[in-house]
Amino acid sequence: AGEQIGAGTWLFRQRALPEVAALAGGLRLILAQAPWRHLITPGGHRMAVAMTNCGTLGWHSDEAGYRYQPVDPLSGHPWPAMPPAFAELARQAAALAGYPDFHPDACLINRYRPGAGLSLHQDRNEQDHGQPVVSVSLGMEARFLWGGLQRGQTALKLPLYHGDILVWGGPDRLRFHGIAPLQGPPHPEWGLKRINLTFRRAR
Ligand code: MD3
Ligand code: FE
């Protein structure tokens, strides 16, 4: 059903397409409660990517560090609940990749505009690295950077398109990865942006 990219990584092209309307509707409600914001890295830099979250835990960054927290610091309220259509899509994709029983408690939502990227990093703020991560791409094409387990290793470039789902875990869970600065034509429906939903089990 998909393409195996690494020992623990699977790519399911266009798998989210039938769910795009449900995802867009959910996203609209989430943004009304928890609008886009540009987080500050612990080093004091404003991130080029705008972010928000849904689920019981949201990823946050400021001068004090990176962490998951139950309350949106902008509103003082809990993050919007994860819409069932979001959780179900992530669970199904994880199961297809050989990770049954994936129940995400955090969905980080990233928005890229042309020129915005995400430099190479590892996702290591989650408690159980045995749990996979599921990423859903919407809108403009992006060049995904797929590195090794050490920062210096050269990164492979992989295009990600509207509707693609990437699932990674196991031996690939701690790979360095990033997104090259966004470029190219606007998406016919989503315009000059790419949105990525990243599902995780944080605790
Ligand atoms: C990690 N987001 O939010 S997800 C992040 O598209 C993040 O917004 C990117 O990295 C985004 O932390 C990329 C896709 C991804 C795919 C494969 C990976 C991340 C991966 C393989 C190993 C480790
Ligand atoms: Fe990441």
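Look above for the structure.
Q: Give a description of the nonpolar core that names residues and reports values.
A: In terms of nonpolar packing, the biggest core is built from 27 residues, with Phe86, Val134, Ile165, Leu197 and Phe199 touching the most fellow members. Counting residues per element, this core draws most heavily on helix α2 (residues 84–96), which supplies five residues. When residues no more than four places from it in sequence are discounted, the contact partners of Phe199 are Met82, Phe86, Ala87, Ala90, Phe102, Pro104, Ala106, Cys107, Pro132, Val133, Val134 and Val136. In this structure, Met47, Phe144, Leu158 and Trp168 belong to the second largest nonpolar core, which totals 25 residues.

Q: Could you give me a rundown of the pattern of salt bridges, with the residues and numbers involved?
A: According to the stated counting rule, one finds ten salt bridges in the structure shown. Residue Arg13 is joined to Asp164 by a salt bridge in which the shortest nitrogen-to-oxygen separation is 2.5 Å. Here Asp164 lies in the loop between β10 (156–160) and β11 (165–168) and Arg13 lies in the loop between β2 (9–12) and α1 (20–33), a separation of 151 residues in the sequence. For Arg13, a relative accessible area of 31% puts it in the partly exposed group. Residue classification places Asp164 among the buried residues on the basis of a relative accessible area of 1%. Linking Arg175 and Asp172 is a salt bridge whose minimum nitrogen-to-oxygen distance equals 2.8 Å.

What counts, and at which threshold
- Residues numbered from 1 in each chain as written.
- Chains lettered and ligands numbered in written order.
- Predicted model: local features only at pLDDT ≥ 70, side-chain atom pairs only at ≥ 80, totals over all residues.
- Heavy atoms only, no water.
- Core = buried A, V, L, I, M, F, W, Y, C linked by side-chain atoms within 4.5 Å.
- Buried < 20%, exposed > 50% of the residue type's maximum accessible area, 1.4 Å probe, protein only.
- Helix = DSSP H or I, 4+ residues; strand = E, 2+ residues; numbered from the N terminus.
- Contact = heavy atoms within 4.5 Å.
- Salt bridge = Lys/Arg side-chain N within 4 Å of Asp/Glu carboxyl O.

Coordinates in, geometry out; function isn't part of it.
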